[in-house]
Amino acid sequence: MPGKSHPLHALWIFLCSLKLTVVTLLLLAATSILGTVIPQKLPLAEYQQHYGEKVQILQALQLDDMYHSVWFTALLGLFVLNLAACSLRRLPAVWRSVSRPPLVADEALLRSLTNKTLLQAPCSAAEAASRLPSLIQSCFARPRQAIETEDGVCLFAERRRYARFGAYVTHLAILLIILGAQIGSWYGFDSFVAVVEGDTVTRLPASDGQPAIELGFGLRCDDFSVSYYEGSARPKEYRSLLTVLENGQEVPGYVQVPVVVNRPLQYLGLTFYQSSYGMAEMPLFRLRVKLADGNETQVEGRPGQLLSLPDGGALQVIDYTPAFRDLGGAALVEVRTADGRSLPQIAASREVPVDMHHASPYRLRLLGLDERYYTGLQVKKDPGVPVVWLGCLLLVLGSLGAFGLAHQRLWLTIRSTAAGCEIQLAGSSHRNRQAFARQFERLQKQLAEELGSGNPAPEEDRS
Amino acid sequence: MSSAQLFNFATAIYFAAMVLLALVLLLRNRRLGTLAIATVWGGFVVHSAAIGLRWVESYRLPGSIGHAPLSNLYESVVFFAWSIVLIYLLIDLRLRQRSVGIFVVPFALLAMCGAQLWGNDAIEPLVPALQSNWLTYHVVTCFLGYAAFAVGCAVSIMYLVKSALGPSKKEGSGELLPSLEQLDDLNYKAIMIGFPFLTLGIVTGAAWANYAWGTYWSWDPKETWSLIVWFVYAAFLHARLTRGWSGRRAAWLSIVGFAATLFCYLGVNLLLSGLHSYGSG
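Predicted model, so just to flag it, every value in this text is computed and none were measured. (Residues numbered from 1 in each chain as written. Chains lettered and ligands numbered in written order. Predicted model: local features only at pLDDT ≥ 70, side-chain atom pairs only at ≥ 80, totals over all residues. Heavy atoms only, no water.)

Enquirer: Which residues make up the overall build of chain A, and what values do they have?
Expert: Within chain A, the regular secondary structure consists of 10 helices and 21 strands. Computed over the C-alpha atoms, the radius of gyration of chain A is 38 Å, more than 25% above the 23 Å expected from 2.2 N^0.38 for a compact globule of 463 residues. In terms of its C-alpha atoms, chain A occupies a principal-axis envelope of roughly 125 × 60 × 50 Å. Buried positions account for 43% of the 463 residues belonging to chain A. Across chain A, the fraction of contacts at a sequence separation of at least 24, relative to all contacts at a separation of at least 6, is 57%. A total accessible area of about 24,500 Å² is found for chain A, and carbon and sulfur atoms account for 56% of it. (Helix = DSSP H or I, 4+ residues; strand = E, 2+ residues; numbered from the N terminus. Rg over C-alpha atoms; globule rule 2.2 N^0.38 Å. Buried < 20%, exposed > 50% of the residue type's maximum accessible area, 1.4 Å probe, protein only. Contact = heavy atoms within 4.5 Å. Areas by Shrake-Rupley, 256 points an atom, 1.4 Å probe, with all protein chains shown as cover.)

Dropping the structure here:
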């Protein structure tokens, strides 16, 4: 470590300060607000439209992508340095106090403890020393090997000593999460590919500043479908059936894998997410038409096509909705009658009520439609994710441990007296001291009862 | 009986409990205190039953749209109120600080009234992005955290009111209200409960986002605001370790933290745009 007068030492002290932690955290909180108010990563023109002249300030401060700006990264860097420095500085002392705890409560230690009492017992010191370890074990924790000192026999017991490390586990977790995020940004990528039903893709198209990427395998979309909640146009599920092909051969276990919104497909470090969909081409409608003379005929065609009927009239599909009232899927059809009239009519997959036929000479029924969809897949490679998850796990365990668990310690000294023996009992907890005070009181009553001593003498400073 | 009626009933009980808690302080009557806490328990039981009934009701609707009642603004506000009462009752059981109820129960009451006045209580099917087990874990952990922060905020207001009034002239009046020191400690405890829950809430949110959107973190306004809240309370917890950051300053920081929490919960959905728009309907 550098000498006291050295500027590096001053820097070290600065980086270790808790005040710096509080200030950095509050600065991070305050500056993060900016990016939630100013829309991020828009094209320059949109900012100019929105902010006019002020766009220069915005660009100078990199507020259009502030979470990746130099100054925000620097602030995060300071936060990381502070966190690492604080932990490095304090950890050795904590490690020492946990691995080599004071086994004997001397004067100085006793003075620093608030929970302490003196118990008188009628038995001999030797008897007390032989009975106490099992007693302490049953109501607190198994004490360590007794130590004989000039003062008497000393016992030490402790619980949950790992609780001391909660804060450091939390700090390590934050470093891991940031490391994982860095790995992701160095070695990962984010792309998008659209696959038409029946087609196979082998490469991801180039996207903003990113070259096209060869997959090294084929990905086929066997089917895409949207299902809707009964009787409504509210989507229930978007589902793609995907198959992975190696050298044109289907890979076992990766054939027609259903991929829905919360269930992506993972293959060779790549993850494919259901992200969007659309029509690859106009759908083909199949309609049954009952003519005025009672004859039936079937026609099929795509929207916009004029479908002629045997009686000289014609139909044209205009629009389609997957759920129309309680009639199921329905097409809006433009009807041109043989006598030159033009009127709208609905063809649904169920029988349309008579009052909706208007003046049309035809009765229409939608037999079905062949749609060819493409499925839009988000493709992600992020080798940092496992590191991030490990960090998250430690973050949760560490913060639960840091705030929910207390390291408790108990010291006993057994001395011989004229009437038998006296036991100096003292305890401490590194957290939640009120609860420990109550626990200590119960413990002391229990020991007094077991040893057959009278009421414990209250210690002068048990405030 | 429908869940909506039960929610109304629970709200009425909370109102009665608040009146009783105020009477306890005015009349300094301890037995009335037992009645007040029993009333809060009654409200909590009815409230829990209402949430359970709403869950059952969603499964009775046609179209198999059943889901845990945690999917929109109305349901989340109702759950928020429930969590606040839960944390308060736990504090009463463990720490015997029932008089903080006079400041805590109004938060729950306000949330319940707000839900019923402005919330849309129709049970609606889940959009595909919400069809995940993560929904329950994420919402429950977040709101337990938010509720603990609400309790911390209530205790902090109590602290500021009490410290502004100065030392009480009669010693007797200090008996029912906790001392400033106890309030300060309660504030700290509430945040110690809330912080791990918020952490868990953010982590489950990130895990879910990774499954649904393909990225665990995208600086979406909701994510960013949850991180802002996390930063503020992390600052609070570290400030406790340094001298001079207890008492009034800690109380103010706790109130600022809760204001950020409320903005993260309501403000982001109502004022900002982003991916996480489920809670605005």
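Enquirer: I'd like a description of the confidence of the model for chain A, backed by residues and values.
Expert: For chain A, per-residue confidence averages 88 on the pLDDT scale, and 96% of positions sit at 70 or higher. Scored below 50 in pLDDT, residues 456-463 of chain A shows 15 contacts in the model against residues more than four places distant or in partner chains. (pLDDT = per-residue confidence, 0-100.)

Enquirer: Just give me the short version of the interface of chain B and chain A, but keep the residues and values in it.
Expert: The interface is formed by 49 residues belonging to chain B together with 45 residues belonging to chain A. Here chain B meets chain A over a buried area of about 4,000 Å², counting both sides, of which 69% is carbon and sulfur. Taken together, the links from chain B to chain A amount to zero salt bridges. Counting every contact that joins chain B to chain A gives four residue pairs in polar contact (both at pLDDT 80 or more). At the level of elements, α6 (180-212) and α7 (221-239) of chain B are the ones that each hand at least two residues to the side of chain B that touches chain A. Here the element with the most residues in the side of chain B that touches chain A is α6(B); it accounts for 15 residues. Broken down by class, the residue content of the side of chain B that touches chain A amounts to 34 nonpolar, 11 polar and four charged. (Buried area = accessible area lost by both parts, 1.4 Å probe. Salt bridge = Lys/Arg side-chain N within 4 Å of Asp/Glu carboxyl O. Polar contact = N/O pair within 3.5 Å; in protein donor to acceptor, adjacent residues only side chain to side chain. Nonpolar A, V, L, I, M, F, W, Y, C, P; charged D, E, K, R; others polar.)

Enquirer: Tell me about the pairing of strand β12 (residues 284-290) of chain A, and name the residues and values.
Expert: Residue and element names in this part refer to chain A. In this structure, β12 lies alongside strand β18 (residues 363-370), joined through seven bridges in antiparallel fashion. Each bridged residue has a counterpart across the sheet, and for Val-289 the counterpart in β18 is Leu-364. Sheet topology places β12 next to strand β13 (residues 296-301); six bridges connect them, and they run antiparallel. Note on β13: the bridge partner recorded for Arg-288 is Gln-298. Connecting the antiparallel pair β12 and β13 is a turn made up of five residues, with Gly-294 showing a positive phi of about 95°. (Pairing = 2+ DSSP bridges.)

Enquirer: Got a sec to walk through the nonpolar core? Specific residues and values, please.
Expert: Core analysis: the largest hydrophobic core is formed by 129 residues, its most contacted members being Phe80(B), Tyr88(B) and Trp230(B). Of all the elements, helix α5 (residues 134-165) of chain B adds the most residues to this core, at 16 residues. Counting the residues that make up this core, at least three belong to each of domain 1 (1-126) and domain 2 (133-281) of chain B. Setting aside chain neighbours within four positions, we find Trp230(B) in contact with Ile174(A), Leu395(A), Phe195(B), Leu198(B), Thr199(B) and Ile202(B). Residues Ile136(A), Val153(A), Leu155(A) and Leu425(A) belong to the second largest nonpolar core, which totals 27 residues. (Core = buried A, V, L, I, M, F, W, Y, C linked by side-chain atoms within 4.5 Å. Domains from an automatic or database assignment.)

Enquirer: Which residues make up the packing of α5(B) against α6(B), and what values do they have?
Expert: All names here are of chain B. Running from amino to carboxyl end, α5 crosses α6 at an angle of 155°, the nearest separation of the two axes being 7 Å. Here α5 is positioned roughly antiparallel relative to α6, judged by the angle of their axes. The chirality of how α5 crosses α6 is left-handed. Of the residues belonging to the contact of α5 with α6, the class tally is 25 nonpolar, 11 polar and two charged. (Axes fitted to C-alpha atoms, helices over the stretch in contact; angles between N-to-C directions. Parallel < 35°, antiparallel > 145°, perpendicular 65-115°, else oblique. Left-handed = near helix turned anticlockwise from the far one by under 90°.)

Enquirer: Report on the packing of aromatic side chains, specifying residues and quantitative values.
Expert: Counting across every chain of the model gives 39 aromatic pairs over all chains. When the centroid spacing of 5.8 Å and the interplanar angle of 45° are considered together, the rings of Tyr146(B) and Tyr265(B) count as tilted. Remark: Tyr265(B) occurs in helix α8 (residues 248-271) and Tyr146(B) occurs in helix α5; sequence separation between them is 119 residues. Each member of the pair, Tyr146(B) as well as Tyr265(B), carries the same accessibility label: buried. Chaining the aromatic ring pairs together yields one cluster made of Trp41(B), Phe44(B), Phe79(B), Phe80(B), Trp82(B), Phe143(B), Tyr146(B) and Tyr265(B). Looking at Arg159(A), its charged tip hangs above the ring of Phe140(A), at a distance of 5.1 Å from the centre. Here the guanidinium or amino end of Arg240(B) rests over the ring plane of Tyr188(B), the centre of that ring lying 4.4 Å away. (Phe/Tyr/Trp six-rings, centres within 6.5 Å; stacked < 30°, edge-to-face > 60°. Lys NZ or Arg CZ within 6 Å of the ring centre and 35° of its normal.)

Enquirer: Now, about unusual backbone geometry: what can you tell me, with residues and values included?
Expert: Residue and element names in this part refer to chain A. Within the chain, Arg-160 stands out as a residue other than glycine whose phi angle is a positive 50°. Summarising the element assignment, Arg-160 is placed in the loop between β3 (153-159) and α8 (166-187). The exposure class assigned to Arg-160 is partly exposed, which follows from its relative accessible area of 32%. You will see that Leu-268, though not glycine, has its phi angle at about 50°, which is positive. Residue Leu-268 is classed as exposed on the basis of its relative accessible area of 62%.

Enquirer: Explain the environment of Ile87(B) to me, using residue names and the numbers behind them.
Expert: All names here are of chain B. Within the secondary structure, Ile-87 sits in helix α3 (residues 73-95). On a C-alpha basis, the gap between Ile-87 and Ile-193 in space is 9.1 Å, while along the polypeptide they are 106 residues apart. Filtering out sequence-adjacent residues up to four positions away, Ile-87 remains in contact with Leu-144, Ala-147, Ala-148, Val-151 and Ile-193.

Enquirer: So what's going on with the domain arrangement of chain B? Which residues, and what values?
Expert: Interfaces are frequently sized by the accessible area removed from exposure as the parts join. Residue and element names in this part refer to chain B. In terms of domains, chain B is made up of domain 1 (1-126) and domain 2 (133-281). Computed from C-alpha atoms alone, the centre-to-centre distance between domain 1 and domain 2 is 19 Å. On the domain 2 side, the residues contacting the 29 residues of domain 1 number 35 residues. Among the residues domain 1 hides against domain 2, the three largest losses belong to Leu-73, Phe-80 and Phe-103. Together they make up 21% of the total. Counting the contacts that link domain 1 with domain 2 gives zero salt bridges. Run the count over domain 1 and domain 2 and you get two residue pairs in polar contact (both at pLDDT 80 or more). Of all the secondary structure elements, the ones that give two or more residues to the side of domain 1 that touches domain 2 are α1 (3-27), α3 and α4 (101-118). Of the residues belonging to the side of domain 1 that touches domain 2, the class tally is 20 nonpolar, seven polar and two charged.

Enquirer: Quick rundown of a nonpolar patch on the surface? Include the residues and the values.
Expert: A surface patch of nonpolar side chains, about 480 Å² in accessible area, is lined by Phe15(B), Val19(B), Leu23(B), Leu26(B) and Leu27(B). With respect to the secondary-structure elements, Val19(B) resides in helix α1. (Patch = residues over 30% accessible without salt bridge, like charges linked within 9 Å, V, L, I, M, F, W, Y side chains within 5 Å.)

Enquirer: Before we move on, can you summarise the confidence of the model for chain B with the specific residues and values?
Expert: Model confidence for chain B is summarised by a mean pLDDT of 88, while 92% of its residues fall at 70 or above. ipTM for the predicted complex: 0.88, alongside a pTM of 0.82.

Enquirer: Any chance you could break down the sheet that holds β3(A) for me, citing the residues and the numbers?
Expert: Residues and elements named next belong to chain A. Pairing is antiparallel in the open sheet, where five strands are placed in the order β1-β21-β20-β3-β2. One side of each edge strand has no neighbouring strand; the edge strands of this open sheet are β1 (115-121) and β2 (147-148). Taken together, the two bridges between β2 and β3 define a ladder with antiparallel strand orientation. Along β3, the bridge assignment pairs Glu-148 with Val-153.

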